[in-house]
Structures are given as structure tokens and as C-alpha cells.
Number of protein chains: 4
Amino acid sequence: MAENNSGVNSAILLMHCPDQQGIVAKVTEFLDNNNGNIIYLDQYVDHQEKIFFMRIEWELDNFLIPAEKITDFFGTQIAARYNMRFHLYFPHQKPRMAIFVSRMSHCLYDIMSRVQTGEWDVEVPLIISNHHDLENVAKQFSVPFHVFPVTGENKAEQEEKEIELVKRTGIDFIVLARYMQIITAKMINEYPNRIINIHHSFLPAFPGAKPYHSAYTRGVKIIGATSHYVTAELDSGPIIEQDVTRISHTDSIRNLVRKGQDLEKIVLSRAILLHIQRRILVYNNKTIVFA
Amino acid sequence: MAENNSGVNSAILLMHCPDQQGIVAKVTEFLDNNNGNIIYLDQYVDHQEKIFFMRIEWELDNFLIPAEKITDFFGTQIAARYNMRFHLYFPHQKPRMAIFVSRMSHCLYDIMSRVQTGEWDVEVPLIISNHHDLENVAKQFSVPFHVFPVTGENKAEQEEKEIELVKRTGIDFIVLARYMQIITAKMINEYPNRIINIHHSFLPAFPGAKPYHSAYTRGVKIIGATSHYVTAELDSGPIIEQDVTRISHTDSIRNLVRKGQDLEKIVLSRAILLHIQRRILVYNNKTIVFA
Amino acid sequence: MAENNSGVNSAILLMHCPDQQGIVAKVTEFLDNNNGNIIYLDQYVDHQEKIFFMRIEWELDNFLIPAEKITDFFGTQIAARYNMRFHLYFPHQKPRMAIFVSRMSHCLYDIMSRVQTGEWDVEVPLIISNHHDLENVAKQFSVPFHVFPVTGENKAEQEEKEIELVKRTGIDFIVLARYMQIITAKMINEYPNRIINIHHSFLPAFPGAKPYHSAYTRGVKIIGATSHYVTAELDSGPIIEQDVTRISHTDSIRNLVRKGQDLEKIVLSRAILLHIQRRILVYNNKTIVFA
Amino acid sequence: MAENNSGVNSAILLMHCPDQQGIVAKVTEFLDNNNGNIIYLDQYVDHQEKIFFMRIEWELDNFLIPAEKITDFFGTQIAARYNMRFHLYFPHQKPRMAIFVSRMSHCLYDIMSRVQTGEWDVEVPLIISNHHDLENVAKQFSVPFHVFPVTGENKAEQEEKEIELVKRTGIDFIVLARYMQIITAKMINEYPNRIINIHHSFLPAFPGAKPYHSAYTRGVKIIGATSHYVTAELDSGPIIEQDVTRISHTDSIRNLVRKGQDLEKIVLSRAILLHIQRRILVYNNKTIVFA
């Protein structure tokens, strides 16, 4: 993974468009002509779908176009010509992240310890849960903790309130840190490709409930964890990151859970960092992750 | 994995029975009383099913019971008492392995290069295929190559002939080295837990045909290979060994195939070695692999 | 790794002695005769050194010998005969662990979050540091935090005080969670094979200071972390656990540190768990780790 | 790794120069203006050394500049301006590879099986050895096998003959497939960054002789293999690829060798493929490997 250029005043463009000759030349010429020094460039062509993808980062200090006009200039002079979709980010603007949890604390601790030490450029204005169990963890890190108990009857209503709270708080993206509730289409539509889940299996193996039990019963020799963006279909969204660990017949289900939790927290945290660093493009239910 | 004690004149017992107190004591006492020096012992208790499993190897040189009577003595004095099932092996008796192939040579080359250099204590009296493509590889290693072309109509009949040939050749176990035909129940019943397959995915993800295409479409970040014993249900037999490798969005299907083939051959060869060394017990469609 | 049988009232014996015929039989017979149901047994013979190692765990509930007399009985009837060294543990007796830190918090957070949630059967009566930086983390988890600032002149004196405090607190073992001071022979002798360190490289590559810088300069494609018991020779003690992660030319030193820290905390925590579960025997500056 | 665009008539440029603003723009504009459709582009800036590196591949079919004039045009119009060093390759020109071996066949089999099946775009006109042992393997694959027995006295002389033979055969690069002789400066200078070695350890751990014995003695929990370009200093050249596998105290040296050999052959073959595909730039004794 390339250096996170903190301290540098820079801008990042994530773009994709139908592939054709000359795009890289035109985009880099645009930056060059406006005195933008490129500090990161990675591009990828999906030769099957014939789609061009690029992530480019350049220094703003001597850039001729003021930050607030880049979208207009780039949109008009480049994007329109190539039928390009793009997003502009400024690394110094910290994204605001909401964390949803239930009862297990391992992912929450891993996330909050990174936030606390400034490892990530992110803000966490709130933690939401359907249970009170992790209130003390939130308190340890002085983050407001909101409980929305969910029952069969009140689920829609409670999620409504969660959405309202999340939007009011100016949240940019949501992390489901072993949140044991299924997110409805309504919330997904509010945060498309901006809700990150961790599933405790090597997807597409063992989707749904109790994957460690299924792994034990099937007798696999390796278990995994998968972080993905949430889509309407359960455990089927674009995969951001996966990792695995070796097990054997001697591992009880309890051991699978223990070993799996170490995977879950590390895989989820890697996915969050990639998202914070705006390294991920989503297309066709897959991710392009610029390293 | 413990040392393969070639050169030592030894015997191996693989056993399992309902768990109860004192089994290890009785088995080891039996060997000790008969002057058998234990050079390997590993046991495992499935606490859920309450089954005891053990692999034990001891030197035969000063052992009081002659080799040909061990089954009788052990069966009478120990196994009967514990309702135990057991298998006795002598490492110096090389098992005879048949290899089934179709058109891809990577697994066959990997296997044959190990056989040729004496890395494994095994004999390969024949290679069977439904195509002529790999005849030259068999010729390179001077192994008889038998072609049984399979069509929709003659499949049962051809398999019949294969079984007949395999049995007549005194084959102990069969390796499907990317053999692209489904094995029928008839052959499976002749060689229960003695037909080793390599599937080119991380099972249970992507069973059946074209797993690399499925992996590409799903956008996974890791691919795998799985070696398992063949059972009646496709790609669902007891898993012997698995391994994985990391991929990214930049990997075309062709690259997945290339990277996957390296996994396939290594995973299959590891599984074959474990089988040759009699390290595998099968129970409840799972393997106990004594390392 | 075998199930940690919490809830079961059991005892664990770790033993080693010169290898000879019949040891397993005698030890298991001893337990069996005294009505001890074995729930874990693993043994290993170092054929080069001709040393026998075993870890055995059995239920105490119907065991005829009272807990406080096991050492006497086993020592007299078994250990003396085989010139055996052994240690007896009772899993329900939680070991007391001291944590030494300096300025980096990632390992401390990882450890304390496991302690807090009860993942480990351990007590942490104190954290010791040469700096005040992590006092707030200790406060988050309500663990007493003791600062012993170390300079060139006062090092011996301060360590003396640390030893005194640690001993007074009844500490069983010490974890150096990125403690940036070299431990002297005096402390090592007080806690032989009971001081666990994490080194931020794949030892024996890059011992000493600044391993990530060295890894970057050397251009390795994989970095690692190593947890080991501290001995008099720097970074040369018996290795308990190691793990690695892939890097590339695009990774800056800052990225190596970031990726490495995830390794460090997971590897250290795995080593601590193995120690807490009494799965480790040390011999000849190497570990036997019973999984 | 990006698709190997066999079948496409393309050219590849590998280049590096002092970093400055606008290079990507100028290079891509050059190709675009001459009607070259880019099918691969990856660039990297070493921010510490301030060096720019790029690999770019484009289709030749409609490219205005004839293949034989590209070096002149690009050199004059682009490279000169940026003080750039570059190499031009045509994927349809298969490089010629010499293989040096001693007595172990696992790497040779792995390489030759890939060559035989056309997995790699490479030619192997000869195999050189200091022993006769692997002559039969060369014969199996119908490759000329040349033996140059090496003694203390004749080493320089024999290497002289090898160089002469290799040059006469028009060899582009050399693979040391567990060739147990140290290569002298003379040969290295003839083939700078074009002699690929496989070392049977995770460098820089355990350089030199008998690394598996050293790994066993040190008690590491992971072993590795390293492929690197040969330089004057033993086992210290630019690392191309590494991989590792987990071991335990139960693994004898013989098992380390066995497990290590699987690593060695796969790691070496990956490195060879990267070299054949011209994905590697060497700078400052490190490799930039464009995936």
C-alpha cells in the first residue's frame, strides 16, 4: 500500500468510464497543465467489461485551480468527454464514521484503539447498538452510545430512528462491527457502498448465521473472515478484504470462534482503512482496491 | 509433521472407538509389555461425539509378537474390549497408487517428479485417462498409460473396465489429478476413503464446474484449492488439505487459473503424502489428520 | 488447538525426561489407576537429543489423589524412576501477569481488551512503564500503572525497584508489550522462561533496533513478528510464535510499521494465550508448543 | 497480476528517472499521439530517493512508429528530456533461458513441466550442471545437458567455458535451480540482474550453507524461500519473491527440507515468470515488481 501522504495538502480523484485510448494522457495532462504534481497514480482496465478505472492523487499547493472549483473544471474539461463518473476527496477532511455493534466487543476495541491513537484519519461521533452490553466500552473511549433495542415488531421503526440520528450527525459511512441485525434496503439506499460489514467466514462459503458451526461440521482446514459493502442481498455485497487462518481437527467450535475473532477484527480494520483512504471503487458488485 | 522413520522396521496402528477412561494406558501397556518401543503417538478425542482416535507407531525389531499375528493379538486383547476399529500398516510395504487424469498436466508432473525421485514411498503401476493428451507425460516417466474414452452412452461400461483394470493391478488407492469425470458410486464403494480428488476452489465455496470463473465473478480476494476423499455427493467428501493464495481485481480469469494450478498441485501432493504415510482417519465425513 | 476445558476441574502435567520405552504407558496407567480421566494428551520425542516431552490433562473430580498431594505421589512413583522434570498446574488458578510498556499502545490495547472481556484466564495486577504516555490506557482499563523512568545512570536501580514490585505483587509471568528497554540478567533469572517479548521482525532476520527500516532497505517481500521468551542474549530466546504478512515495493516504512503492528499484537497475544494455557515446554533454547 | 496479453501484438517499456512533474502525462501523450492504445500502465515513485519508475504496455497494431524505430523516437523525444533509462521489450520475442543445476531435481522438474506445457513464453536451449545426476531429467524433456565438473582448481576455468557456451547460445538470462556453486563476478558482470537464484531460506535469515539445519537449531516456527538476482555479495542480491510455510517442533530437518522444497520450486517459478514478463525493475539493490 502506498504511503498515506498526511501532511501533504492534496486531492484524490477516483474515476471510471468506458475504456478508450488516451484517457491517462488527458487526465495527467490536465493536472500537469494546472501545475498539479502527481504523488499517486494507479489505473486498471477491466478488459472484459471494457471499463477504465483510475485513482490519482496530486499536491494542491501550487495547483492553479482552487479546491472548490476542481469538480467543475475537471467535470467540464475531462469527465464529460469520456462519459466518466468521478469522486473528488481531500485527505485532510476526516470522514465521519458511525459504528453499529451488538454484544461482541473485539472489533469495537480494535477500531477504537486505532481511532484513539490517531492511527486513522477519521472521526467517530457515535456508536449505535441494539443492546446495552458495550456501553462501557463506548464510555472507555468517551464516544456517545445510543441504544435502539430491536424486536420483531419495532425493527422498521427503530431503524428509521437510527437513520435519522446518523444523518443528523453528518455520518459519511457506517461500520457494522459484528452488528447482529440485518440492515434493510432503506438504510442501504441512504448509504450505498458506504456500509461496511464483517462476516465471520470466507465468503461465499458459509453465508448467514453460525458460520463457525458450519465450518466445524464441514471439516474445513482453513477458516476466514470477509469484509464487504452491504447490499440488499445478505452477505453478497462487494468484497473489500478477506483473510484466513489454518485450523485442524483438534480445534473445537470455541477455538474456531477465538481464532476467527482475531481475523474478523484485523480484516474489518483493513477494510475501514482502505475506505478512509478512498482506495476503493465499486463496479458490478466487485471492488477495485488501489493498493 | 513428525519424521517419516524410513529405515526403521516399524508398524502403524490407526484406531478409533467410543471414548472411555484408560484406553491410552491399555494400548501403550500392550506395546510396552511386548517390548515395542513407541516412536510416534498422537491421539485425539472428539468430545462432542465422544469418540477416541489414535495413531501409534512402534519399532518391530524386538517386538515379541510376529508381524503377521499383531492383528489377531491386538484385536483380541485390546480392540474387542473397547469396541475399537483399527487398521494395521507396515511402512515398508509401499502402497500402489493409480492416477486418473484428463488433459491438464500440472498435477501429474508434480506427482510423477516426486515418485521418480523417491520422495514418496509409493508405486505407480498405471495412469488412466479419458483422453490421449497426457500419454507423452506418462511416457516421460515410463508408466503404463490406459485410455478409456468416455461418452454419454459408454460411461458406465468404461468405468466398469477401469475398475476391473485397477483391481487386477492390485491398486491400493486412486488419485484424481484433475480428472474431469464424475466418479460413480460403484467405484467409490470399491475404494471408500481411498479415492483422493483435488478441487480447484476453497470448498465449500464454488463446488462443481468452473470455480475460477465463479471466483472472478464474485470478486473474492483469495482463491483456494481443496483435496478430499471422493464420496457420492459431488465435492462434499472429507477434506484432507486446503490452501489459498491472495488475488486482486487485476487478476484475469487466466491468472486465477495460473495461480490456482500452483495451489492445486501442492495441495494434492500434500494430501497424497498424508495418505501414503497413513496419517488420516475418516469419521463423520471429516478427517482427523495426525501431523 | 485443543479445547480449553474451562468449567472442568482438571490438572495439567508438563514433563520431560530422557526417552525410554514405556513412559507413556506408565504415566497413563498412573492416572488410570487413580481414576483420572485423561482429557488431553500430547507427547513428542526429540529423536536427535533423545528427550521425551509430554503434556497431559485429566479430570480431578473422581481422582483418588488429593490435588495437594499429586506432586508428591507423581514425583515419587513416576518422575523419580524416569529422571523426569515436571510441572503441575491447575487451570482454575489464574496466573498473574505484569505488562511492561513504553510508548506504543497497540499491543497493550489488544491485551487489555482480551483481559477485560474474559477471553483469557489471567489476572493483570499492574502495568509498568518507563514513560507516562500510556497511563491513560491503563486508566481506561482500571489497572494500576507504575512509571519507572530509565536513564543511563539509574537503569540498574530502577530495574531493582521493578523486580521488587513485581515480586511483591505475586506476578507469575511478565509480558513486554513493546517495552523498549533491554532486560538485564537479574530480572531474567528471577523469571526464567517467564518473560515474553514481542520483536517486530521475523527473527533471526533483523534483530535489534529499527527492524522495519532494515526490512525496507533490504527490500524483503514479507515482514514478520516474533514472540519469544527473553534470555540473556538479545532477541535470541526460545521462539514461541511467529507470523508474517506480504508487502511490496510500494510500502513505505510508515506502512511497514502499520502492517507490522497488526502482526505484533496478534502474535504476542497468541503467545500469551499459549503460556497461560501451559502449552509450552522449553528445552535447548527451543519451544515445544502442544497445540 | 495483470493479464498476460498473449496474442496481442504489443510493446513494453520499463523506465526510471529522477522524479519530476509531468512525466506520466508526457509518456502517455507520446503513445496516444502515435496511436498506441495502452493496455497496461503501472508507475511508482520512490519518494525517499525521488525516483520515478514506470511499466507501460501498448498495442502495436495501429502504432504509427515502426517497432524498430521506437527506441530512437522514444529516446530522443522523451527519455533524453527526463534523463531516463529505459528498456523496450516485445512480448512475442521469447527470451532464452539457461538453467544451472546440481543434484536436486525438484526445481528443474517444476520449471521444465511449465516450459513443456507452454505455460511460459520462454525457450530453454540448454541445461548446465557440475554433476551428471540430472542428465536423465534433461533427457526426459529433450533439452541438451552440459556437464562442467567443478573442483577447487578448475573452477575459474570451467566457469569461463560455461560463459562461453551460454553466450554462444544466445542466452538472455540464467536460472540457478539449486545450483550449489557460487557464481563469480565475471559471470555476474556478463548477466547483471539476469541471473536468478533460489535460496532455501527466508532471507536475510540464514544466508549461506545449510539453512534448514540452522532453522531447526534456532527453533523458528516458519520457514521460507527467497528468489533473488545474483550479485557479488552472497545471498544479498535484489529480492524478487519470497514465500513461507508454517512448521512446528515436530518437524525434523528432513521434514523442513521436504516442506522447503515445495516453497523453493514455487517461489523460483514465480520469479522466473515475473522476469519473463518483464515486470521487474532493479534499483538500489531492490526490485520494483509491477504486478
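Before any of the text, the structure's been laid out above.
What you see is a predicted model; the values in this text were computed from it and never measured.

About the cut-offs
- Residues numbered from 1 in each chain as written.
- Chains lettered and ligands numbered in written order.
- Predicted model: local features only at pLDDT ≥ 70, side-chain atom pairs only at ≥ 80, totals over all residues.
- Heavy atoms only, no water.
- Helix = DSSP H or I, 4+ residues; strand = E, 2+ residues; numbered from the N terminus.
- Rg over C-alpha atoms; globule rule 2.2 N^0.38 Å.
- Buried < 20%, exposed > 50% of the residue type's maximum accessible area, 1.4 Å probe, protein only.
- Contact = heavy atoms within 4.5 Å.
- Areas by Shrake-Rupley, 256 points an atom, 1.4 Å probe, with all protein chains shown as cover.
- Lys, Arg positive; Asp, Glu negative; His and termini not counted.
- Charge placed at Lys NZ, Arg CZ, Asp CG, Glu CD.
- Core = buried A, V, L, I, M, F, W, Y, C linked by side-chain atoms within 4.5 Å.
- Pairing = 2+ DSSP bridges.
- Axes fitted to C-alpha atoms, helices over the stretch in contact; angles between N-to-C directions.
- Parallel < 35°, antiparallel > 145°, perpendicular 65-115°, else oblique.
- Nonpolar A, V, L, I, M, F, W, Y, C, P; charged D, E, K, R; others polar.
- Salt bridge = Lys/Arg side-chain N within 4 Å of Asp/Glu carboxyl O.
- Polar contact = N/O pair within 3.5 Å; in protein donor to acceptor, adjacent residues only side chain to side chain.

Asker: What is the right way to look at the overall build of chain A in this model?
Answerer: When its secondary structure is counted, chain A shows eight helices and 13 strands. On C-alpha atoms alone, chain A measures out to a radius of gyration of 21 Å, which is about the 19 Å that the 2.2 N^0.38 rule sets for 291 residues. Along the longest, intermediate and shortest principal axes, the C-alpha atoms of chain A span 60 × 40 × 35 Å. Going through the 291 residues of chain A one by one, you find that 62% of them count as buried. Counting contacts in chain A only where the partners sit at least 6 residues apart, residues at least 24 apart contribute 68% of the total. For chain A, the accessible surface area stands at approximately 11,000 Å², while carbon and sulfur atoms represent 49% of it. Positive and negative side-chain charges in chain A, numbering 30 and 33 respectively, have mean positions lying 6 Å apart.

Asker: It is not clear to me how the nonpolar core should be interpreted in this structure. Could you clarify?
Answerer: The tendency in soluble globular proteins is for nonpolar side chains to be buried as a group. Core analysis: the largest hydrophobic core is formed by 224 residues, its most contacted members being M97(A), M97(B), M97(C) and M97(D). Those residues in contact with M97(A) that sit more than four places away from it in its chain are I111(A), V115(A), W120(A), V122(A), E123(A), V124(A), P125(A), L126(A), I171(A), F173(A), V175(A) and I272(A).

Asker: Explain the sheet that holds strand 11 (residues 239-246) of chain A to me, please; I cannot follow it from the model alone.
Answerer: Working definition: the strands of a sheet are paired by backbone hydrogen bonds and lie parallel or antiparallel to each other. All names here are of chain A. The strand order 7-6-5-8-9-10-11 describes an open sheet built from seven strands, whose pairing is mixed. Strands with a single pairing partner mark the edges of an open sheet, and in this sheet they are strand 7 (145-147) and strand 11. Looking at each pair of strands side by side, their axes are set apart by 20° on average, direction ignored. As defined by bridge partners, strand 5 (residues 96-101) adjoins strand 6 (residues 123-129) across five bridges and the pair is classed as parallel. Note that in strand 6 the partner of F100 across the bridge is I128.

Asker: I tried to follow the packing of helix 1 (residues 23-33) of chain C against helix 2 (residues 70-82) of chain C on my own but got confused; where do I start?
Answerer: Axes are the key here: two packed helices are described by the angle between their axes and the distance separating the axes. All names here are of chain C. Across the interface, helix 1 lies against helix 2 with an axial gap of 11 Å and an inter-helix angle of 175°. Comparing the axis directions of helix 1 and helix 2 gives the class roughly antiparallel. Seen from helix 1, the contacting residues are I23, K26, V27 and F30; seen from helix 2, they are F73, F74, Q77, I78, R81 and Y82. Its residues assigned to classes, the contact of helix 1 with helix 2 shows seven nonpolar, one polar and two charged.

Asker: Help me understand the interface of chain D and chain B, please; the structure alone is not making it clear to me.
Answerer: Interface size is often expressed as the accessible area that is lost when the parts come together. Listed by partner, the interface residues are 28 residues for chain D and 28 residues for chain B. Where chain D meets chain B, there are four salt bridges. Between D262(B) and R114(D) there is a salt bridge; the shortest N-O distance is 3.0 Å. Put simply, chain D and chain B have seven residue pairs in polar contact (both at pLDDT 80 or more) between them. Contributions of two or more residues to the side of chain D that touches chain B are made by helix 3 (106-116), helix 4 (135-140) and helix 8 (253-276) of chain D. By residue number, the principal contributor to the side of chain D that touches chain B is helix 8 of chain D, which donates eight residues. For the side of chain D that touches chain B, the class distribution of residues is six nonpolar, twelve polar and ten charged.

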